[in-house]
Each structure stands twice: as C-alpha cells, then as structure tokens.
Amino acid sequence: MKLMRDVYIAGVGETKFGKHSVDYDVLGRAAALEAMRNSNINRPDVVQSAYVGNGMNGIVTGQTVFKDLGMCGRLPIINVESACSAGGMAVYSAIKDVATGVTDISLGVGCENHSLHMQSGTAFAPSMSDIETMHAAVMTGKYAMRANRYMHETGTTIEDLAAITVKNRRHATNNPNAWFKGAITIEEVVNSRMVAYPLTLQQCCGIADGAGAVVVCTKEMAAKLGVQKPVKVAGAVVQSGPYHNRPRDITGDDITETCAEQLYEESGIGPEDVNIVELHDAFTIAELLYYECLGLCKKGDGLKYLRDGDSTYGGKCVVSPRGGMLSYGHPIGASGAAQIAACVKQLRGECQGFQVDPIPRVAMTHVTGGGLSGTEHAACTMHMLVSAW
Amino acid sequence: MSDNKEAKKAPKPDITFFHPDLLIVPENGDPPYLQGYRCKSCGNLDFPKPTLCWNCWGEEFEIVPLSRTGVLYSVTDIFIGQAGMKTPYVFGYIDLPENLRVFAQMEGEPGSFKCDDKVELTIGPIRTNRDGLPITSYKFRKIAV
Ligand SMILES: [Zn+2]
C-alpha cells in the first residue's frame, strides 16, 4: 500500500509456540499485553483501533481477546481472517489506519489455538465447496506437488529438502519461543513418517498454538511514549492469489513474486539490502522456492543458495533466524504477526543466543494464506521493516 | 403443510456423482469425458464451468468435449489425508492439450507415477458421501504402454 505518512512499530509481543491448554484468547491477550507494555503503554485507553487475525477459533475473536483488558468499548476491534495470512493482515490493517490518519496508534494481533479445536491425525484442507478439496486435496499435497516438480526439473533430492529443516531447527536452538529446536540430522528428517511424498513429518510445520502482536504508531506517538528503538515500516503489501485453470510453473509462486516486487518498489529497498527474512516455510520446499521468488537468488539457484550457506547466520541474508515455522509450528492466524515480532526483536538486538551479527538493519516478512483451487495461495502478506534510531 | 414438514425432516440423500456439468459418462458404454465451456463472446475455453466468462463476463457457453488424455505435470502420494479419507491415495495435476490443467485423483498404486507420465481419463470413487456411499468422479490413470 502507498504509505501516506510514516508508520513505526512501537513494540511487539509473542507467546511461546507449541501445544497450549489455554485457548486463543488467552494467548492473544498475553501477546497483546506484552506488545503494549513493550511500547510503554500502561493504560487501556491508549490504542485507538485493533485488528485481530484468527483462522479457525470462531467468531468475535478480537473482542474476546480484549474484553478482559478493559479495552472493549474504547476502540473499534475488527476481526481478520485469511487462513495463514490472518495475523500478517491484522498488522497490515493496523498500519493502514495509522498511515491514512484514521488513528495515531493501532494494534495488530494474530492468535490461534489448534490443539483444543482440531481432530489430530488429519491434514488442513480448504472448504468442501472447493472443487479440489472435493477431490481430497490437502495443503501438504499441494506443496508436495511443487516439491516433486522442482525435484523433477532440478535434480534436487529429499536430502536437500531435509537440509532446510536442519538449518531452521539449528537457528531456533536458543530461541525460548520456538517449539521444535536443536540438532536434528538429515537422516532423521528423511526417515520420519511420510506425510505427502516427498514431504516427511519433519519437513512440515507442526500444528501449534500461539500468538504475536504488534503496536504501530506515528513518529510523534512513538516519541511521546518514549520508545527507544522505533522500527520503521518501510512497506506493507497484501495481495489476493490470481486464479488459473491453465498450465503454469508451480516451482515459482506468482503471488509471492508479485507481492515481493511491489514491496521492493514501494519501500525502495531491494532484495540485496535485506539482512533477515522470516518467510512462509510451512514446508521445506517452500523456503527453497521462496529464495528464488523473493529474488534473494536467481531462478534455479535456490539449492545453491542453501548449500553455500547464504541463508544462514554469516550468510548474505539470514532466512528464518527465529527458526521459521519449521521450528515454531504454524498456528495459522498467529504466524504472520509473530514473524514481525521476531524480526523487530532481531533489529533491536534483543535475541540473546540467536542474535544475527552484525545486528540487522533491514528485515522482511512473508506469509501466504489459504488454499483455493486454481491458486497457489488465496492471500499473501509482506512487510519491510527498518531500524529507525 | 404436514407433508412439507415431513420432507424437511428427512435429510436429502447426499450426491453419489460429481459433477453432471463437468463429467459425462455415456450410457452406451462410450468412454467418459470432461466438458469444457467455450465462451460464445470471446472464445475462452474453461474447465470447470465458470459462473461468468473470466475474460469478458460473457454468460453463454458452447459445451466442448475435452481430450481424454493428458500429461501428468506433478503428482504426490498422500499418507496423511483429509479427515475420513482412506490413505494412501494419489493426486496430481493433469495438463490437457486444450491448455487446461485439471486437479484429480489418480487411479493406480502410490509410487507408480512420475512427472510427465501420459495419463487418460477414467472414473472411480473419490470419497465417501455423508450417507457412507462412494462418490464417483473423474480420475486419471497411466496409459498402458
Ligand atoms: Zn468471454
């Protein structure tokens, strides 16, 4: 979107990710409160609008999150849904309010609890009115088809894909909010239970619960709140997935490519200037393809980029420094907001034990959302964040 | 009035065939085929049937039988599937010569398909309906060499 005035992130919050016995609203409230306290907000009447992303936990999710904070009745709360992009879109919407002058300070939250609401041992699928879902499509299978085609065209192996999990779990080793972390071998990844060939269990993000929250505001408001390290929103883009019923290259990702191009143009920042990225690594193959789609490397060079260590600590651009979805798991409504929270902490140098060195100045987030027949994804949300102190 | 009430109470039987607008199985035993929809205003050929032509919003279509054979663009074997689906099952994208891509389940053993295989249309069960009966739809299988 065209940012009509400058917008800054004042503070962020996130919960631990994993299985939680408390519901989405408790998680969302914890993240929101942390984000507000992190912004030096100590009263219920400061934030002027709130957006809450959630995928599957029901209706009036936002009001449920905020009613116990004494905030309901003081501000509009709008609930946002676009499957896995919901949390990212909630932050985008908050940014839009500030950018357009509707508010001076707004809050975007993403929260989700799957484990209390979902039958275990089944895979996510879009709604049954969808022609592909009727024919038993599942999201894992759609990514698996991208993997098989990529392997067919490039000679990439399952072991190569597994290296993405190994990298991201290593990144997460000292991250207190990550769920699956630490050393895992290529063999362990490859030999884990087959989900959708060639994707094994350890190549798929876990079905997790969690929340993330981001407070955005004007420069004046950030100063008024005494925010020491405001992060500038250099760009924010939401796109809907183009529909095709014709042959197309699924080793690319049209919506990600379009979104990235728009983000680079609007922010004036190119892929070579980005220091860290949190992207939609819901499955190993996705991260590999997105190196190319985001322009971090040339089309066809994704595997080389990984093997050369360009996407890990010490490389050209650290991809998934928090461990990505492969370590956090993926509570669909939460991930987009949590990615932004994690990036802000990196930019602020607050990630003891997994801090990117030198401290990054530019971070990018990317989250797609939802399956729909004829699209790669129904939605895509991206943000560009820059240190502003 | 009471008849109406009765009708409301008894649930309608769920479908056992998907989908008469898309798949034709001739009664004379001729091979089944998919129906394409060609826009009468702009000539765009689409599958499945669109509400309006995506190109020009034309509302009138000529029905065109589509090729029964195509190329398997990509494929996967599903081991953890939708709730209620028996696993493993196989699905893929089939590219037809009419420049159309169709998503379908494959008939054949998991592990027996690879990208760029030549495949042909067949029919078979794709899932079980609410009444526990199989739903028949289009599927593809390898062309015997
Ligand atoms: Zn037309």
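What comes next concerns the included structure. Just so it is clear, the model here is predicted, and its values are computed rather than measured.

A word on the overall build of chain A. For chain A, the helix and strand inventory stands at 13 helices and 12 strands. Here the C-alpha radius of gyration of chain A, 19 Å, is about what a compact globule of 389 residues would show, namely 21 Å. With the C-alpha coordinates of chain A rotated into their principal frame, the extents come out at 55 × 45 × 40 Å. The buried share of chain A, taken over its 389 residues, is 64%. Excluding contacts between residues fewer than 6 apart, the proportion of contacts in chain A whose partners are at least 24 apart in sequence is 78%.

Residue and element names in this part refer to chain A. Given a rise of 1.5 Å per residue, 15 residues ought to cover 21 Å, and the 22 Å separating the end C-alpha atoms of helix α6 (residues 158-172) matches this to within 8%. Within α6, 12 of the 15 residues are buried, leaving the element largely enclosed by the surrounding structure. Buried within α6 we find I158, D160, L161, A162, I164, T165, V166, K167, N168, R169, H171 and A172. Turning to α6, the residues buried within the fold contact α5 (139-154), α7 (186-190), α10 (284-293), α11 (302-307), β10 (318-319) and α12 (324-328).

This part is about the side chain of B:D77. Relative to the assigned elements, B:D77 resides in strand β5 (residues 69-78). Here B:D77 occupies a buried position and makes no salt bridge, while the nearest side chain of opposite charge, B:K142, is found at 11 Å. Side-chain polar atoms of B:D77 contact the backbone nitrogen of B:G111, separated by 2.9 Å. The residues touching B:D77, leaving out its near neighbours within four places in the chain, are A:V195, A:A196, A:Y197, B:Y89, B:V90, B:P110 and B:G111.

Moving on to the pattern of salt bridges. All names here are of chain A. All told, the structure shown has 23 salt bridges over all chains when counted by the stated rule. Between R29 and D25 there is a salt bridge, and its shortest N-O distance comes to 3.6 Å. Placement of the pair is R29 and D25 together in helix α1 (residues 24-38), with a separation of four residues, close to one helical turn. With a relative accessible area of 14%, D25 lands in the buried category. A salt bridge links D308 to K304, with the nearest nitrogen and oxygen atoms 2.8 Å apart. Within the structure, one salt-bridge network assembled from shared partners comprises D25, R29 and D68.

The final tally for this structure, using the stated rule, is 10 aromatic pairs over all chains. A ring pair is formed by B:Y37 and B:F61, whose centres lie 6.2 Å apart and whose planes are at 85°; its orientation type is edge-to-face. Of this pair, B:Y37 sits in strand β2 (residues 33-39) while B:F61 sits in strand β4 (residues 61-65); the two residues are 24 residues apart in sequence, bridging distant segments of the chain. With respect to burial, B:Y37 and B:F61 carry one shared label: buried. Seen from their ring centres, B:F91 and B:F103 are 4.8 Å apart, and the 50° between their planes marks the pair as tilted. Of the two residues, B:F91 is situated in strand β6 (residues 89-96) and B:F103 in strand β7 (residues 100-107); the sequence distance between them amounts to 12 residues. The buried category is assigned to B:F103, whose relative accessible area is 5%. What links up through ring pairs into an aromatic cluster is the set B:Y89, B:F91, B:Y93 and B:F103. Geometry around B:Y93 places A:R248 over its ring, the cationic atom sitting 5.7 Å from the centre.

This part is about the environment of A:V237. If you trace the backbone, A:V237 turns up in strand β8 (residues 231-240). Here A:V237 is in contact with A:M1, A:Y92, A:C259, A:Q262, A:L263, A:E266, A:C380, A:T381 and A:M382, once residues within four sequence places are set aside.

So, on to the packing of α6(A) against α10(A). Any two packed helices are characterised by the angle at which their axes cross and by the distance between the axes. All names here are of chain A. As a packed pair, α6 and α10 sit with axes 8 Å apart at the nearest point and diverge in direction by 95°. In this view, α6 runs roughly perpendicular relative to α10, as classed from their interaxial angle. In this structure, α6 uses L161, I164, T165, K167 and N168 to contact α10, whose residues at the interface are T284, I285, E287, L288 and Y291. In the contact of α6 with α10, the residues fall into five nonpolar, three polar and two charged.

On to the pairing of β8(A). All names here are of chain A. Pairing geometry for strand β1 (residues 8-14) and β8, over two bridges, is antiparallel. Note that in β8 the partner of I9 across the bridge is V231. With nine bridges joining them, β8 and strand β12 (residues 379-387) adopt antiparallel strand pairing. Bridge pairing in β12 places K232 opposite V386.

Before going further, it helps to spend a moment on unusual backbone geometry. All names here are of chain A. Cis peptide bonds are those with omega within 30 degrees of zero, and the linkage from D357 to P358 qualifies with 0°. Turning to its location among the elements, P358 is positioned in the loop between α13 (335-347) and β11 (362-369). Its identity as a non-glycine residue notwithstanding, N40 has a phi of 65°, on the positive side. Of note, N40 is situated in the loop between α1 and β2 (49-53). Judged by its relative accessible area of 35%, N40 is partly exposed.

Next up on the list: the coordination of the zinc ion. When a metal carries six donors in an octahedron, the ideal angles between them are 90 or 180 degrees, while four donors in a tetrahedron ideally lie at 109.5 degrees. All names here are of chain B. Every protein donor of the zinc ion is accounted for by C39 (SG), C42 (SG), C53 (SG) and C56 (SG), and the metal-donor separations fall at 2.3 to 2.4 Å. Sequence spacing among the residues donating to the zinc ion works out to C-x2-C-x10-C-x2-C. Here C39 is found in strand β2, whereas its partner C53 is found in the loop between β3 (45-46) and β4, with 14 residues between them in sequence. For C39, a relative accessible area of 3% gives the class buried. Owing to a relative accessible area of 0%, C53 belongs among the buried residues under this scheme.

About the cut-offs
- Residues numbered from 1 in each chain as written.
- Chains lettered and ligands numbered in written order.
- Predicted model: local features only at pLDDT ≥ 70, side-chain atom pairs only at ≥ 80, totals over all residues.
- Heavy atoms only, no water.
- Helix = DSSP H or I, 4+ residues; strand = E, 2+ residues; numbered from the N terminus.
- Rg over C-alpha atoms; globule rule 2.2 N^0.38 Å.
- Buried < 20%, exposed > 50% of the residue type's maximum accessible area, 1.4 Å probe, protein only.
- Contact = heavy atoms within 4.5 Å.
- Expected span 1.5 Å × (residues − 1).
- Lys, Arg positive; Asp, Glu negative; His and termini not counted.
- Salt bridge = Lys/Arg side-chain N within 4 Å of Asp/Glu carboxyl O.
- Polar contact = N/O pair within 3.5 Å; in protein donor to acceptor, adjacent residues only side chain to side chain.
- Phe/Tyr/Trp six-rings, centres within 6.5 Å; stacked < 30°, edge-to-face > 60°.
- Lys NZ or Arg CZ within 6 Å of the ring centre and 35° of its normal.
- Axes fitted to C-alpha atoms, helices over the stretch in contact; angles between N-to-C directions.
- Parallel < 35°, antiparallel > 145°, perpendicular 65-115°, else oblique.
- Nonpolar A, V, L, I, M, F, W, Y, C, P; charged D, E, K, R; others polar.
- Pairing = 2+ DSSP bridges.
- Donors = N, O, S within 2.8 Å, 3.2 Å for Na, K, Ca; no water.

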